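A look at the structure
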Amino acid sequence: MVIKVYLASSSGSTAIKKKQQDVVGFLEALKIEYTPLDIACSEENRMWMRENVPGEKKPTNGIPLPPQIFNEEGYCGDYETFFDAKEDNQVYAFLGLPPPPGSKEALQAEQVPLQNGTDPDQEPEDTPRKEAGEEEGEEGEEEEDVEEQEAQEEDEQPVSEEEDQAGSEEPEEPQSEEEEEAPVTEEEEEEGADAEDEEDE
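Definitions and limits used
- Residues numbered from 1 in each chain as written.
- Predicted model: local features only at pLDDT ≥ 70, side-chain atom pairs only at ≥ 80, totals over all residues.
- Heavy atoms only, no water.
- Helix = DSSP H or I, 4+ residues; strand = E, 2+ residues; numbered from the N terminus.
- Buried < 20%, exposed > 50% of the residue type's maximum accessible area, 1.4 Å probe, protein only.
- Salt bridge = Lys/Arg side-chain N within 4 Å of Asp/Glu carboxyl O.
- Phe/Tyr/Trp six-rings, centres within 6.5 Å; stacked < 30°, edge-to-face > 60°.
- Lys NZ or Arg CZ within 6 Å of the ring centre and 35° of its normal.
- Arc of directions from axis to C-beta.
- Contact = heavy atoms within 4.5 Å.
- Polar contact = N/O pair within 3.5 Å; in protein donor to acceptor, adjacent residues only side chain to side chain.
- Axes fitted to C-alpha atoms, helices over the stretch in contact; angles between N-to-C directions.
- Parallel < 35°, antiparallel > 145°, perpendicular 65-115°, else oblique.
- Left-handed = near helix turned anticlockwise from the far one by under 90°.
- Nonpolar A, V, L, I, M, F, W, Y, C, P; charged D, E, K, R; others polar.

Remarks on the overall build of the protein
- A tally of helices and strands in the protein yields 9 helices and 4 strands.
- In sequence order, the secondary structure elements of the protein are arranged as β-α-β-α-β-β-α-α-α-α-α-α-α.
- Out of the 201 residues belonging to the protein, those deemed buried represent 21%.

Rendered as structure tokens:
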């Protein structure tokens, strides 16, 4: 895999020159092999770069500016995306290259599985933990459900005939005072008066 960096050697823009130097200098510091392709001296290089930069990465005028970075025929990005990858220690991933062992990027890649909770000794952080109060509340709800079921079972038990008859007999209503005090006939009054006279004697 060959990293291709499209540059403009005779660019009049100091900003473009600075960006090109930044990319090239960083690749050399990491000892990443690359091929510089000058678009100022070669019309073929210029046309190839413009045709192979994705449409969403092109500026509003449609002409991408150097530096543009490719891995063989695959587009990696421009200076801004390269700078972001450099800040995140993801330059090798940005270039589509495997990170060398011992590099920051390789160490980060080794730590990713542990952070995602794949370590068997480590409990995943995403799993919700029940607090003591929640567990007690759930147990209380279960006990209430059991009590309700027992009460329903008692209500549904068959009733014996004797209990059924006893329950069906309506209790006698107490008679009112008016009913108890029935009208007294004249004969009863006379008998009562005679009885009182005898007691007086």
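Overview of the pattern of salt bridges
- Scanning the model with the defined rule gives 4 salt bridges in all.
- Note that Glu-73 is salt-bridged to Lys-4, the shortest N-O span being 3.7 Å. Taken together, the residues Glu-73 in the loop between strand 3 (68-71) and strand 4 (74-78) and Lys-4 in strand 1 (residues 3-7) connect sequence positions 69 residues apart.
- Note that Arg-46 and Glu-43 form a salt bridge whose closest N and O atoms lie 2.4 Å from each other. Pair noted here: Arg-46 and Glu-43 are both in helix 2 (residues 43-52), with a separation of 3 residues, about one helical turn.
- A relative accessible area of 45% places Glu-43 in the partly exposed class.

Let's talk about the packing of aromatic side chains
- In total, this model carries 7 aromatic pairs according to the counting rule given.
- With a centroid separation of 5.8 Å and 65° between ring planes, the pair formed by Phe-82 and Phe-94 is classed as edge-to-face. Taken together, the residues span a long stretch of sequence, with Phe-82 in helix 3 (residues 79-87) and Phe-94 in helix 4 (residues 91-95) at a distance of 12 residues.
- In this structure Phe-94 comes out as buried when scored by relative accessible area, which is 14%.
- Aromatic rings pair up to connect Tyr-6, Trp-48, Phe-70 and Tyr-75 into one cluster.
- Across the ring face of Trp-48, the terminal group of Lys-4 is positioned such that the distance to the ring centre comes to 5.3 Å.

Quick notes on helix 3
- Taken together, the buried positions of helix 3 are Tyr-79, Phe-82, Ala-85 and Lys-86. When helix 3 is viewed along its axis, its buried side chains cluster within an angular range of 125° and face the same direction.
- Each element contacted by the buried residues of helix 3 is listed here: helix 1 (14-29), strand 3, strand 4 and helix 4.
- The distance from a side-chain oxygen at the start of helix 3 to the backbone nitrogen of Glu-80 is 3.4 Å, and the residue carrying that oxygen is Asp-78.
- Asn-89 occupies a position one or two residues after helix 3 and carries a positive phi of about 55°.

Topic: the environment of Lys-86
- Along the polypeptide, Lys-86 turns up in helix 3.
- On the basis of relative accessible area, Lys-86 is assigned to the buried category, the value being 17%.
- The contacts of Lys-86, once residues within four sequence positions are left out, are Asp-22, Phe-26 and Val-91.

With respect to the packing of helix 1 against helix 3
- Two numbers describe how helix 1 lies on helix 3: the axes approach to 11 Å, and their chain directions differ by 40°. Judged by the angle between their axes, helix 1 and helix 3 are oblique. For the element pair helix 1 and helix 3, the recorded crossing hand is left-handed. Counting all contacts with helix 1, which are made through Lys-19, Asp-22, Val-23, Phe-26 and Leu-27, the residues of helix 3 involved are Tyr-79, Glu-80, Phe-82 and Lys-86.
- Of the residues in the contact of helix 1 with helix 3, the class split is 5 nonpolar, no polar and 4 charged.

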